[in-house]
Amino acid sequence: MTSMVRRPLTGRQTELLARLEALVLAEGFAHFTLDDLAARLHCSKSTLYALAASKEQLAVRVVGRYFKGAAQRIEELIADVDDVRVRIGTYLAGAAAELRRASAQFIADVSAFAPTRSTYERNARAAAERLRTFIADGVREGVFRDVHATLFAEMAGLLIEGIQTGVLTRRAGVTDSEAFTALGELLLDGLQNERRRA
């Protein structure tokens, strides 16, 4: 890692990264050149080079920023939620809301470029791990029936990946939001402790 990356961002750089993130979320990044980005953002190429050494590295930085920000915002949503069922529902609703910010072109570009796809896959694994924790909490609290929490979470993670890549939503003919709502219903109904329900 270079010293450039370790140096704190200036206010202008932070604002530029936010604008760049909004642009690539809306339009993707693969078709842009650095000249295109500089023109769209009304800045010089040298300003962009201060953020990353190449367009590819800039894409990696922006995609990482998006996923990190999304994770932080979702965690803030569930921070004070004690009911594990509500926590899972809120977590998945938050994920759906964050994904609504991302265009199909952005998701396609992320999936097609190995370094950004790696970031994307880490995000899906992290989501599965959070769900595993929630499920284990629910089992321990007696809210959910005794299940293999890791298996349930990994299955949910695969569904999340299918939603994020658009495969599941295209096949089912639903929106990301509808898919996440259905995933929440599937998880919560499948995990319901029948004794508690009674």
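Residues numbered from 1 in each chain as written. Predicted model: local features only at pLDDT ≥ 70, side-chain atom pairs only at ≥ 80, totals over all residues. Heavy atoms only, no water.

A. Quick look at the overall build of the protein chain. Summing up its helical and strand segments, the protein chain has 12 helices and zero strands in all. A separation threshold of at least 6 residues defines the contact pool for the protein chain, and within that pool the share at least 24 residues apart is 66%. A total of about 10700 Å² of accessible surface is found on the protein chain, and carbon and sulfur atoms cover 55% of it. The average position of the 27 basic charges and that of the 25 acidic charges among the side chains of the protein chain differ by 5 Å. (Helix = DSSP H or I, 4+ residues; strand = E, 2+ residues; numbered from the N terminus. Contact = heavy atoms within 4.5 Å. Areas by Shrake-Rupley, 256 points an atom, 1.4 Å probe, with all protein chains shown as cover. Lys, Arg positive; Asp, Glu negative; His and termini not counted. Charge placed at Lys NZ, Arg CZ, Asp CG, Glu CD.)

B. Structural context of unusual backbone geometry. Notably, H42 is not glycine yet its phi reads approximately 55°, a positive angle. Tracing the chain through its elements places H42 in the loop between α3 (34-41) and α4 (45-49). Owing to a relative accessible area of 69%, H42 belongs among the exposed residues under this scheme. (Buried < 20%, exposed > 50% of the residue type's maximum accessible area, 1.4 Å probe, protein only.)

C. Region of interest: the side chain of S103. Counting through the fold element by element, S103 comes out in the loop between α6 (84-100) and α7 (104-112). Apart from residues no more than four positions distant in its own chain, S103 is found in contact with L25, A26, E27 and G28.

D. Focus on helix α2 (residues 11-27). For α2, which comprises 17 residues, the first-to-last C-alpha distance of 24 Å matches the rise-based estimate of 24 Å (1.5 Å per residue) to within 8%. Of the residues trailing α2, G28 is marked for its positive phi of about 80°. (Expected span 1.5 Å × (residues − 1).)

E. Structural view of the packing of aromatic side chains. Tallied over the full model, the rule gives five aromatic pairs. Between Y91 and F134, the aromatic rings sit 5.4 Å apart at their centres with planes inclined by 75°, giving edge-to-face as the arrangement. With Y91 in helix α6 and F134 in helix α8 (residues 114-141), this pair connects stretches of sequence that are 43 residues apart. The exposure class assigned to F134 is buried, which follows from its relative accessible area of 2%. Aromatic rings pair up to connect Y66, F67, F106 and Y120 into one cluster. (Phe/Tyr/Trp six-rings, centres within 6.5 Å; stacked < 30°, edge-to-face > 60°.)

F. Region of the structure containing the packing of α6 against helix α11 (residues 176-191). Packing of α6 against α11 leaves a shortest axis separation of 9 Å and a crossing angle of 165°. Taken together, the axes of α6 and α11 are roughly antiparallel relative to one another. The two elements α6 and α11 cross, and the hand of that crossing is right-handed. Contacts between α6 and α11 involve R85, I88, L92, A95, A96, L99 and R100 on the former and, on the latter, D176, S177, F180, L183, G184, L187 and L188. (Axes fitted to C-alpha atoms, helices over the stretch in contact; angles between N-to-C directions. Parallel < 35°, antiparallel > 145°, perpendicular 65-115°, else oblique. Left-handed = near helix turned anticlockwise from the far one by under 90°.)

G. Geometry of the nonpolar core. With 55 residues, the main nonpolar core has L131 and L187 as its most contacted residues. For this core, the secondary-structure elements that each account for two or more residues are α2, α3, α5 (55-78), α6, α7, α8, α9 (149-165) and α11. The greatest single-element share of this core, amounting to eight residues, is contributed by α5. Not counting residues within four places of it along the chain, the set of residues in contact with L187 comprises I88, L92, L131, I135, F152 and A156. (Core = buried A, V, L, I, M, F, W, Y, C linked by side-chain atoms within 4.5 Å.)

Everything listed is a geometric property; what it means functionally is a separate question.
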